[in-house]
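Chain by chain, the residues:
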Amino acid sequence: MPSVIINEIEKAGTSRYNGNMLDVLLGMMDRKQASGWYDPHVEAPIELRHVNWLATANSTKDLPPAIRDRFRMVSRIADPSAEHGPHLVKALLRQVAAERGPGAAMIEPLGRDEIEAITRIWGGGSVRQLQTVLEHWLRQRDRSASRH
C-alpha cells in the first residue's frame, strides 16, 4: 500500500497565490475525490483511495481543523529536557565529527564539565538550539586552543 509522509505539515505555506498545499491535500484525502483525483502533471485521473497519509508536526495548533480531523494523532513526543542533554551532546558531537570528515579525529573529546556547561546553557527544548550551542562551544574552543 503506498504511503506519503509529509514532514512538518504545520510549516506548509498558507498563501493561495500559487495554490495551497493543505487545500489540495484535503481533496486528495477525501474518499470521493480520491477515487479519481485528476493529476495535472500526469494529465489523467489517479487512484488515491488506498494511499496512507502520514504527517509529522511540531505543533498542531495552527493546522486547519479540517486537516486535523483527517489525521489520527498517534503520539506526542515531549521536548527533551536538560537531563537528556549529556546523551544528546554526545550524539550531536558524533554528527559534527562525521560532517567534518577525516579532520574530525582532531576534535578533542568534550570533558564532563564541558558537557554539563553546554547542557546548562541549552536548558532543554529544541535539539537544534542544543546543536547551535555545541557548535558555538566548539568554535570558541578551537579559537582558544594553543597553536604550535
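In this convention, every chain numbers its residues from 1, walking through the sequence in written order. In keeping with the model being predicted, local features are shown solely for residues with a pLDDT of at least 70 and side-chain atom pairs are shown and tallied solely at 80 or more, while totals for entire chains, interfaces and linings include all residues. Values reported for side chains reflect all heavy atoms of the structure, with hydrogen atoms and water molecules removed beforehand.

S.K.: Give a description of the overall build of the protein chain that names residues and reports values.
M.R.: Helices and strands together make up the secondary structure of the protein chain, namely 6 helices and 4 strands. In DSSP terms, a helix is any run of H or I states spanning at least four residues, a strand is any run of E spanning at least two, and both are numbered starting from the N terminus. Each helix (α) and strand (β) of the protein chain, taken in turn from the N terminus, gives the series β-α-α-β-β-β-α-α-α-α. In this setup the radius of gyration rests on C-alpha atoms only. A globule is expected at 2.2 Å times the number of residues raised to 0.38. Taking 2.2 N^0.38 as the reference for a compact globule, 148 residues should give roughly 15 Å; the C-alpha atoms of the protein chain span a radius of gyration of 22 Å, well beyond that estimate. In this scheme, a residue with accessible area under 20% of its type's maximum is buried, one over 50% is exposed, and one in between is partly exposed, where area comes from a 1.4 Å probe on protein chains only. Burial statistics for the protein chain: of 148 residues in total, 26% are counted as buried.

S.K.: Describe the environment of Ile 9, and please don't skip the residues or the numbers.
M.R.: Along the polypeptide, Ile 9 turns up in the loop between β1 (3–6) and α1 (21–29). Take Ile 9: its relative accessible area is 3%, and that puts it in the buried class. For Ile 9 and Met 21, which are 12 residues apart along the polypeptide, the C-alpha to C-alpha distance reads 9.4 Å. Here, residues are in contact when the closest pair of their heavy atoms is within 4.5 Å. Residues within four places of Ile 9 in sequence aside, it is in contact with Met 21, Leu 22, Leu 25, Ala 55, Thr 56, Ala 57, Leu 63, Ile 67 and Phe 71.

S.K.: Now, about the layout of surface pockets: what can you tell me, with residues and values included?
M.R.: Here the largest pocket is characterised by a volume of approximately 1,000 Å³. Around the largest pocket, the lining comprises 29 residues; the ones closest to its centre are Thr 56, Ala 57, Asn 58, Ser 59 and Ser 75. The set of elements that each furnish at least two residues to the lining of the largest pocket consists of β4 (52–55), α3 (65–70) and α6 (127–144). Any residue that is not Ala, Val, Leu, Ile, Met, Phe, Trp, Tyr, Cys, Pro, Asp, Glu, Lys or Arg is counted as polar, Gly included; the first ten are nonpolar and the last four charged. The residue makeup of the lining of the largest pocket, split by class, is 14 nonpolar, 7 polar and 8 charged. A cavity here means a set of points on a 1 Å grid, drawn over the protein atoms and nothing else, where a 1.4 Å probe fits but cannot get out; a pocket is an open set with protein on both sides within 12 Å along at least five of seven lines, and a residue lines either one if it has an atom within 4 Å of a point. Grid points are joined across faces, edges and corners, and a volume is the space filled by probe spheres set on the points.

S.K.: Lay out the environment of Gln 131 in plain terms, naming residues and giving numbers.
M.R.: Along the chain, Gln 131 turns up in helix α6. C-alpha of Gln 131 to C-alpha of His 50: the two residues are 81 residues apart in sequence and 39 Å apart in space. Once residues within four sequence positions are removed from consideration, Gln 131 is found in contact with Leu 92 and Gln 95.

S.K.: Go over the packing of helix α5 (residues 112–122) against α6 with me, naming the residues and quoting the values.
M.R.: For any two helices packed against each other, one specifies the crossing angle of their axes together with the interaxial distance. Here an angle of 0 to 180 degrees is reported between the N-to-C directions of two axes, which are lines fitted to C-alpha atoms, with helices fitted over the stretch in contact. For the pair α5 and α6, interaxial distance at closest approach is 9 Å and the crossing angle is 135 degrees. Between α5 and α6, the angle is such that the two are oblique. As α5 packs across α6, the resulting crossing turns out to be right-handed. Contacts from Glu 114, Ala 117, Ile 118, Ile 121 and Trp 122 in α5 reach Gln 129, Leu 130, Val 133, Leu 134, Trp 137 and Arg 141 in α6. When its residues are assigned to classes, the contact of α5 with α6 shows 8 nonpolar, 1 polar and 2 charged. Should an angle lie under 35 degrees it is considered roughly parallel, over 145 roughly antiparallel, and from 65 to 115 roughly perpendicular; all remaining angles are considered oblique. By the definition used in this description, the sense in which the near helix is turned from the far one sets the handedness, with an anticlockwise turn below a right angle giving left-handed and a clockwise turn giving right-handed.

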